[in-house]
Amino acid sequence: MKKPVLVILAAGMGSRYGGLKQIDAVGSNGEPIIDFSIYDAHEAGFDKVVLIIRKEHEEAFRKNLTDKVSKHMEVEFAYQDLADVPAGITVPEGREKPWGTTHALLACRNLDAPFVIINADDYYGKDAFRVIYNFLSNEVKDGEYGMVGYVLENTLTDHGTVSRAICERDENGFLQKIVECPKIAKDGDHAKLTQDDGKTWEPIEKGAVVSMNFWGFTPKIFAQCEPIFEEFIRKGIVENPMKCEHVIPTAIGTLLERKACTVKVLTSNDRWFGVTYKEDKPYVMQCLKEYKDQGLYPFDLWK
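Residues numbered from 1 in each chain as written. Predicted model: local features only at pLDDT ≥ 70, side-chain atom pairs only at ≥ 80, totals over all residues. Heavy atoms only, no water.

## What to know about the layout of surface pockets
There is about 260 Å³ of room inside the second largest pocket. Considering only residue class, the lining of the second largest pocket consists of four nonpolar, six polar and seven charged. (1 Å grid on protein atoms, 1.4 Å probe; cavity = no way out; pocket = protein on both sides within 12 Å on 5 of 7 lines; lining within 4 Å. Points joined across faces, edges and corners; volume = space filled by probe spheres on them. Nonpolar A, V, L, I, M, F, W, Y, C, P; charged D, E, K, R; others polar.)

This is how it looks when you write it as C-alpha coordinates:
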(Lines give C-alpha, C1' and ligand atoms only; values in the text may rest on other atoms or scores of the structure.)
Protein backbone atom coordinates (compact mmCIF):
# COMPACT_ATOMS: atom_id res chain seq x y z
CA MET A 1 0.00 0.00 0.00
CA LYS A 2 1.26 3.47 -0.85
CA LYS A 3 2.08 5.96 1.89
CA PRO A 4 -0.93 8.00 3.08
CA VAL A 5 -1.44 11.52 1.73
CA LEU A 6 -2.86 14.60 3.46
CA VAL A 7 -5.60 16.36 1.47
CA ILE A 8 -6.95 19.74 2.60
CA LEU A 9 -10.24 21.34 1.58
CA ALA A 10 -9.27 24.98 1.05
CA ALA A 11 -11.51 26.23 -1.76
CA GLY A 12 -14.35 27.67 0.34
CA MET A 13 -15.39 31.31 -0.03
CA GLY A 14 -15.58 32.13 3.70
CA SER A 15 -18.90 33.94 3.38
CA ARG A 16 -19.69 33.83 7.12
CA TYR A 17 -16.11 34.74 8.00
CA GLY A 18 -15.88 37.60 5.54
CA GLY A 19 -12.66 36.67 3.75
CA LEU A 20 -10.13 34.00 2.78
CA LYS A 21 -9.94 32.47 6.25
CA GLN A 22 -7.94 29.47 5.01
CA ILE A 23 -4.75 31.58 5.12
CA ASP A 24 -5.73 34.23 7.64
CA ALA A 25 -2.99 34.58 10.28
CA VAL A 26 -3.90 33.29 13.75
CA GLY A 27 -0.56 32.02 15.04
CA SER A 28 1.92 34.22 16.91
CA ASN A 29 4.32 34.00 13.96
CA GLY A 30 1.65 34.85 11.40
CA GLU A 31 0.51 31.26 10.69
CA PRO A 32 -2.98 30.29 9.55
CA ILE A 33 -4.61 27.22 11.16
CA ILE A 34 -3.76 25.17 8.07
CA ASP A 35 -0.05 25.58 8.95
CA PHE A 36 -0.57 23.79 12.25
CA SER A 37 -2.52 20.96 10.60
CA ILE A 38 0.23 20.37 8.04
CA TYR A 39 2.86 20.49 10.80
CA ASP A 40 0.93 17.96 12.92
CA ALA A 41 0.39 15.70 9.90
CA HIS A 42 4.11 15.84 9.06
CA GLU A 43 4.98 14.87 12.64
CA ALA A 44 2.54 11.94 12.39
CA GLY A 45 4.28 10.60 9.27
CA PHE A 46 2.66 12.29 6.25
CA ASP A 47 5.13 13.66 3.73
CA LYS A 48 2.80 14.80 0.94
CA VAL A 49 -0.04 17.32 1.02
CA VAL A 50 -2.59 18.12 -1.69
CA LEU A 51 -4.34 21.49 -1.34
CA ILE A 52 -7.74 21.75 -2.99
CA ILE A 53 -8.13 25.44 -3.84
CA ARG A 54 -9.69 27.79 -6.34
CA LYS A 55 -7.25 28.54 -9.13
CA GLU A 56 -7.43 32.29 -8.56
CA HIS A 57 -6.12 31.82 -5.00
CA GLU A 58 -2.98 29.88 -5.95
CA GLU A 59 -0.61 32.85 -5.73
CA ALA A 60 -1.89 33.74 -2.24
CA PHE A 61 -1.39 30.15 -1.06
CA ARG A 62 2.10 29.97 -2.48
CA LYS A 63 3.11 33.25 -0.85
CA ASN A 64 1.53 32.61 2.55
CA LEU A 65 1.93 28.86 2.93
CA THR A 66 3.45 26.52 0.41
CA ASP A 67 6.77 28.27 -0.23
CA LYS A 68 7.80 27.46 3.36
CA VAL A 69 6.04 24.08 3.67
CA SER A 70 7.50 22.71 0.43
CA LYS A 71 10.95 22.55 2.03
CA HIS A 72 9.62 19.84 4.35
CA MET A 73 6.75 18.16 2.46
CA GLU A 74 5.80 17.50 -1.14
CA VAL A 75 3.03 19.96 -2.04
CA GLU A 76 0.52 19.69 -4.88
CA PHE A 77 -2.49 21.78 -5.84
CA ALA A 78 -5.84 20.49 -7.06
CA TYR A 79 -8.40 22.97 -8.31
CA GLN A 80 -12.08 23.03 -7.50
CA ASP A 81 -13.52 24.43 -10.71
CA LEU A 82 -17.16 25.49 -10.96
CA ALA A 83 -17.15 24.27 -14.57
CA ASP A 84 -16.05 20.75 -13.58
CA VAL A 85 -19.53 19.25 -13.87
CA PRO A 86 -21.01 16.16 -15.55
CA ALA A 87 -21.67 16.21 -19.29
CA GLY A 88 -24.89 17.98 -20.21
CA ILE A 89 -24.83 20.33 -17.19
CA THR A 90 -24.58 24.07 -17.81
CA VAL A 91 -23.37 26.25 -14.95
CA PRO A 92 -26.06 28.85 -14.23
CA GLU A 93 -25.16 32.41 -15.17
CA GLY A 94 -24.15 34.34 -12.07
CA ARG A 95 -23.29 31.25 -9.99
CA GLU A 96 -20.11 31.85 -7.94
CA LYS A 97 -20.53 29.52 -4.95
CA PRO A 98 -18.64 26.19 -5.25
CA TRP A 99 -20.68 22.98 -5.47
CA GLY A 100 -19.69 21.79 -1.98
CA THR A 101 -17.13 19.47 -0.44
CA THR A 102 -18.16 16.34 -2.37
CA HIS A 103 -17.34 18.26 -5.55
CA ALA A 104 -14.07 19.44 -3.96
CA LEU A 105 -13.18 15.84 -3.10
CA LEU A 106 -13.56 14.89 -6.75
CA ALA A 107 -11.04 17.58 -7.69
CA CYS A 108 -8.25 15.25 -6.53
CA ARG A 109 -9.66 12.14 -8.21
CA ASN A 110 -6.25 11.36 -9.71
CA LEU A 111 -4.83 10.42 -6.31
CA ASP A 112 -3.61 6.81 -6.16
CA ALA A 113 -2.90 6.43 -2.42
CA PRO A 114 -4.95 6.25 0.77
CA PHE A 115 -5.59 9.74 2.15
CA VAL A 116 -7.07 11.81 4.93
CA ILE A 117 -9.17 14.79 3.90
CA ILE A 118 -9.67 17.71 6.30
CA ASN A 119 -10.90 21.30 6.44
CA ALA A 120 -8.34 24.08 6.08
CA ASP A 121 -9.82 26.24 8.83
CA ASP A 122 -10.22 23.66 11.60
CA TYR A 123 -7.67 22.77 14.28
CA TYR A 124 -7.87 19.02 14.94
CA GLY A 125 -4.96 18.35 17.31
CA LYS A 126 -1.83 16.22 17.07
CA ASP A 127 -3.44 13.00 18.31
CA ALA A 128 -6.04 13.01 15.54
CA PHE A 129 -3.34 12.90 12.86
CA ARG A 130 -1.50 10.08 14.62
CA VAL A 131 -4.75 8.11 14.86
CA ILE A 132 -5.69 8.56 11.20
CA TYR A 133 -2.14 7.91 9.95
CA ASN A 134 -2.10 4.60 11.78
CA PHE A 135 -5.53 3.72 10.38
CA LEU A 136 -4.55 4.59 6.81
CA SER A 137 -1.28 2.69 7.10
CA ASN A 138 -2.72 -0.49 8.61
CA GLU A 139 -6.50 -0.81 8.39
CA VAL A 140 -8.15 1.13 5.56
CA LYS A 141 -9.38 -0.87 2.56
CA ASP A 142 -11.56 -0.14 -0.44
CA GLY A 143 -15.00 0.51 0.96
CA GLU A 144 -13.76 0.27 4.56
CA TYR A 145 -13.13 3.85 5.59
CA GLY A 146 -12.56 5.80 8.78
CA MET A 147 -13.32 9.14 10.38
CA VAL A 148 -12.20 10.96 13.52
CA GLY A 149 -15.24 12.14 15.46
CA TYR A 150 -15.58 14.97 17.98
CA VAL A 151 -18.05 15.71 20.79
CA LEU A 152 -20.58 18.25 19.50
CA GLU A 153 -20.45 20.58 22.51
CA ASN A 154 -16.69 21.00 21.97
CA THR A 155 -17.17 22.23 18.40
CA LEU A 156 -19.61 25.12 18.90
CA THR A 157 -19.08 28.87 18.80
CA ASP A 158 -20.54 31.69 20.90
CA HIS A 159 -21.00 33.79 17.78
CA GLY A 160 -23.70 32.11 15.70
CA THR A 161 -24.91 28.86 14.23
CA VAL A 162 -22.70 26.18 12.70
CA SER A 163 -23.21 23.27 10.33
CA ARG A 164 -22.41 19.85 11.77
CA ALA A 165 -22.95 16.24 10.70
CA ILE A 166 -24.33 14.25 13.62
CA CYS A 167 -23.20 10.62 13.74
CA GLU A 168 -24.90 7.50 15.04
CA ARG A 169 -22.63 4.53 15.81
CA ASP A 170 -23.41 0.85 16.26
CA GLU A 171 -22.18 -1.24 19.19
CA ASN A 172 -18.92 -1.97 17.36
CA GLY A 173 -18.07 1.68 16.80
CA PHE A 174 -18.99 1.83 13.12
CA LEU A 175 -20.93 4.69 11.60
CA GLN A 176 -24.56 3.69 11.21
CA LYS A 177 -26.10 6.96 10.12
CA ILE A 178 -24.91 10.52 9.51
CA VAL A 179 -27.17 13.55 9.19
CA GLU A 180 -25.99 17.00 8.08
CA CYS A 181 -27.57 19.70 10.26
CA PRO A 182 -26.90 23.15 8.76
CA LYS A 183 -27.93 25.25 11.79
CA ILE A 184 -26.81 24.21 15.27
CA ALA A 185 -26.29 26.62 18.15
CA LYS A 186 -25.06 26.61 21.74
CA ASP A 187 -27.73 26.28 24.42
CA GLY A 188 -25.93 26.69 27.72
CA ASP A 189 -23.89 23.51 28.18
CA HIS A 190 -25.95 21.76 25.51
CA ALA A 191 -26.71 22.23 21.83
CA LYS A 192 -29.87 22.78 19.81
CA LEU A 193 -30.79 22.73 16.15
CA THR A 194 -33.31 24.50 13.96
CA GLN A 195 -34.73 23.45 10.63
CA ASP A 196 -36.85 26.56 10.03
CA ASP A 197 -34.36 29.42 10.48
CA GLY A 198 -34.82 29.77 14.21
CA LYS A 199 -38.59 29.73 14.47
CA THR A 200 -38.42 26.51 16.48
CA TRP A 201 -35.49 24.71 18.14
CA GLU A 202 -34.92 21.08 19.08
CA PRO A 203 -32.49 19.97 21.81
CA ILE A 204 -29.65 17.65 20.84
CA GLU A 205 -28.58 14.87 23.17
CA LYS A 206 -25.48 15.85 25.11
CA GLY A 207 -22.30 14.12 24.00
CA ALA A 208 -23.39 13.55 20.40
CA VAL A 209 -20.50 12.72 18.09
CA VAL A 210 -20.11 14.86 14.97
CA SER A 211 -18.01 14.74 11.84
CA MET A 212 -15.66 17.68 11.38
CA ASN A 213 -14.60 16.50 7.91
CA PHE A 214 -11.72 14.32 9.10
CA TRP A 215 -12.11 11.34 6.78
CA GLY A 216 -9.79 8.47 5.85
CA PHE A 217 -10.38 7.05 2.36
CA THR A 218 -8.88 5.01 -0.44
CA PRO A 219 -9.14 6.20 -4.07
CA LYS A 220 -12.22 4.00 -4.49
CA ILE A 221 -14.22 6.83 -2.90
CA PHE A 222 -13.99 8.85 -6.11
CA ALA A 223 -15.83 6.27 -8.23
CA GLN A 224 -18.41 5.93 -5.45
CA CYS A 225 -19.04 9.67 -5.10
CA GLU A 226 -19.14 10.64 -8.78
CA PRO A 227 -22.61 9.17 -9.51
CA ILE A 228 -23.94 10.54 -6.20
CA PHE A 229 -22.75 14.03 -7.08
CA GLU A 230 -24.13 13.77 -10.62
CA GLU A 231 -27.52 12.69 -9.30
CA PHE A 232 -27.51 15.63 -6.89
CA ILE A 233 -26.46 18.32 -9.34
CA ARG A 234 -28.98 17.35 -12.03
CA LYS A 235 -31.72 17.88 -9.46
CA GLY A 236 -30.18 20.77 -7.53
CA ILE A 237 -29.42 22.89 -10.56
CA VAL A 238 -33.15 23.02 -11.26
CA GLU A 239 -34.36 23.49 -7.68
CA ASN A 240 -31.69 25.83 -6.30
CA PRO A 241 -29.30 26.86 -9.10
CA MET A 242 -27.41 29.59 -7.20
CA LYS A 243 -26.81 27.92 -3.84
CA CYS A 244 -27.20 24.13 -4.01
CA GLU A 245 -24.17 22.22 -2.73
CA HIS A 246 -23.36 18.65 -1.80
CA VAL A 247 -21.14 17.77 1.17
CA ILE A 248 -19.02 14.75 2.04
CA PRO A 249 -21.11 13.67 5.07
CA THR A 250 -24.20 13.52 2.85
CA ALA A 251 -22.31 11.42 0.30
CA ILE A 252 -21.16 9.05 3.04
CA GLY A 253 -24.72 8.87 4.38
CA THR A 254 -25.90 7.78 0.94
CA LEU A 255 -23.18 5.12 0.68
CA LEU A 256 -24.12 3.80 4.13
CA GLU A 257 -27.79 3.59 3.15
CA ARG A 258 -26.79 1.63 0.05
CA LYS A 259 -24.47 -0.57 2.13
CA ALA A 260 -21.65 0.40 -0.23
CA CYS A 261 -19.12 1.09 2.52
CA THR A 262 -18.36 0.92 6.23
CA VAL A 263 -16.87 3.75 8.28
CA LYS A 264 -14.98 3.13 11.51
CA VAL A 265 -15.47 6.00 13.98
CA LEU A 266 -12.09 6.81 15.50
CA THR A 267 -11.65 9.12 18.46
CA SER A 268 -9.09 11.69 19.53
CA ASN A 269 -8.29 13.09 22.96
CA ASP A 270 -7.49 16.51 21.52
CA ARG A 271 -9.89 19.43 21.41
CA TRP A 272 -11.12 20.94 18.18
CA PHE A 273 -11.48 24.64 17.42
CA GLY A 274 -11.96 26.72 14.31
CA VAL A 275 -12.78 30.09 12.83
CA THR A 276 -16.33 30.00 11.53
CA TYR A 277 -16.80 33.69 12.30
CA LYS A 278 -14.38 36.64 12.64
CA GLU A 279 -15.35 36.79 16.32
CA ASP A 280 -13.84 33.30 16.82
CA LYS A 281 -10.37 34.52 15.87
CA PRO A 282 -9.19 35.92 19.28
CA TYR A 283 -10.01 32.63 21.03
CA VAL A 284 -8.16 30.61 18.39
CA MET A 285 -5.16 32.93 18.62
CA GLN A 286 -5.10 32.54 22.41
CA CYS A 287 -5.27 28.72 22.20
CA LEU A 288 -2.44 28.49 19.69
CA LYS A 289 -0.27 30.88 21.69
CA GLU A 290 -0.81 28.70 24.79
CA TYR A 291 0.22 25.62 22.81
CA LYS A 292 3.46 27.32 21.77
CA ASP A 293 4.08 28.50 25.33
CA GLN A 294 3.61 24.89 26.48
CA GLY A 295 6.20 23.71 23.96
CA LEU A 296 3.79 21.79 21.71
CA TYR A 297 4.95 23.91 18.76
CA PRO A 298 8.10 25.93 18.06
CA PHE A 299 7.69 29.66 17.47
CA ASP A 300 8.68 29.16 13.82
CA LEU A 301 7.00 25.95 12.61
CA TRP A 302 9.08 25.51 9.47
CA LYS A 303 12.49 26.87 10.46
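Okay, back to it.
## What about the packing of aromatic side chains?
In this structure the tally under the stated criterion is 19 aromatic pairs. Centroid distance Tyr145 to Phe217: 5.1 Å. Interplanar angle 90°. Geometry classified as edge-to-face. Of this pair, Tyr145 sits in strand E6 (residues 144-151) while Phe217 sits in strand E11 (residues 209-217), and the two are 72 residues apart along the sequence. Summarising the burial analysis for this pair, Tyr145 and Phe217 share the class buried. Between the aromatic rings of Phe273 and Tyr283, the centroid separation amounts to 6.3 Å while the plane-to-plane angle is 80°, which identifies the pairing as edge-to-face. Here Tyr283 lies in helix H7 (residues 281-293) and Phe273 lies in strand E13 (residues 273-274), a separation of 10 residues in the sequence. Among the residues examined, Phe273 registers a relative accessible area of 2% and is labelled buried. Given a relative accessible area of 43%, Tyr283 falls into the partly exposed group. Within the aromatic cluster, the residues linked to one another by ring pairs are Phe36, Tyr39, Tyr123, Phe273, Tyr283, Tyr291, Tyr297 and Trp302. One cation-aromatic arrangement involves Lys192 over Trp201; the distance from NZ or CZ to the ring centre is 4.6 Å. (Phe/Tyr/Trp six-rings, centres within 6.5 Å; stacked < 30°, edge-to-face > 60°. Helix = DSSP H or I, 4+ residues; strand = E, 2+ residues; numbered from the N terminus. Buried < 20%, exposed > 50% of the residue type's maximum accessible area, 1.4 Å probe, protein only. Lys NZ or Arg CZ within 6 Å of the ring centre and 35° of its normal.)

## A word on the environment of Gly198
Turning to its location among the elements, Gly198 is positioned in the loop between strand E9 (190-193) and strand E10 (202-204). Between the C-alpha atoms of Gly198 and Ile184, which are 14 residues apart in sequence, the distance is 9.8 Å.

## Re the side chain of His103
Its place among the elements puts His103 in helix H3 (residues 101-106). The class of His103 is buried, set by a relative accessible area of 2%. Within the local environment of His103, its side chain forms a polar contact with the backbone oxygen of Asp84, the two atoms lying 2.8 Å apart. The residues touching His103, leaving out its near neighbours within four places in the chain, are Gln80, Asp81, Asp84, Phe229 and His246. (Polar contact = N/O pair within 3.5 Å; in protein donor to acceptor, adjacent residues only side chain to side chain. Contact = heavy atoms within 4.5 Å.)

## Things to note about the pairing of strand E1 (residues 5-9)
The buried fraction of E1 is high, at five of five residues. Side chains of E1 alternate between two faces, with Val5, Val7 and Leu9 and Leu6 and Ile8 buried alike. Where E1 meets strand E4 (residues 115-119), five bridges bridge the pair, whose relative direction is parallel. The residue bridging Leu9 from the neighbouring strand is Asn119, located in E4. (Pairing = 2+ DSSP bridges.)

## With respect to unusual backbone geometry
Despite not being glycine, Asn213 has its phi angle at roughly 60°, a positive value. Turning to its location among the elements, Asn213 is positioned in strand E11. Asn213 gets classed as buried once you look at its relative accessible area, which sits at 10%. Even without being glycine, Lys259 reaches a positive phi, approximately 55°.

## With respect to the packing of helix H1 (residues 33-44) against helix H4 (residues 126-138)
Running from amino to carboxyl end, H1 crosses H4 at an angle of 45°, the nearest separation of the two axes being 8 Å. As judged from the angle between their axes, H1 and H4 are oblique. Between H1 and H4 the crossing geometry is right-handed. Of the residues in H4, those touching H1 at Ser37, Tyr39, Asp40, Ala41, Glu43 and Ala44 are Lys126, Phe129, Arg130 and Tyr133. Looking at the contact of H1 with H4 residue by residue, the class counts come to five nonpolar, one polar and four charged. (Axes fitted to C-alpha atoms, helices over the stretch in contact; angles between N-to-C directions. Parallel < 35°, antiparallel > 145°, perpendicular 65-115°, else oblique. Left-handed = near helix turned anticlockwise from the far one by under 90°.)

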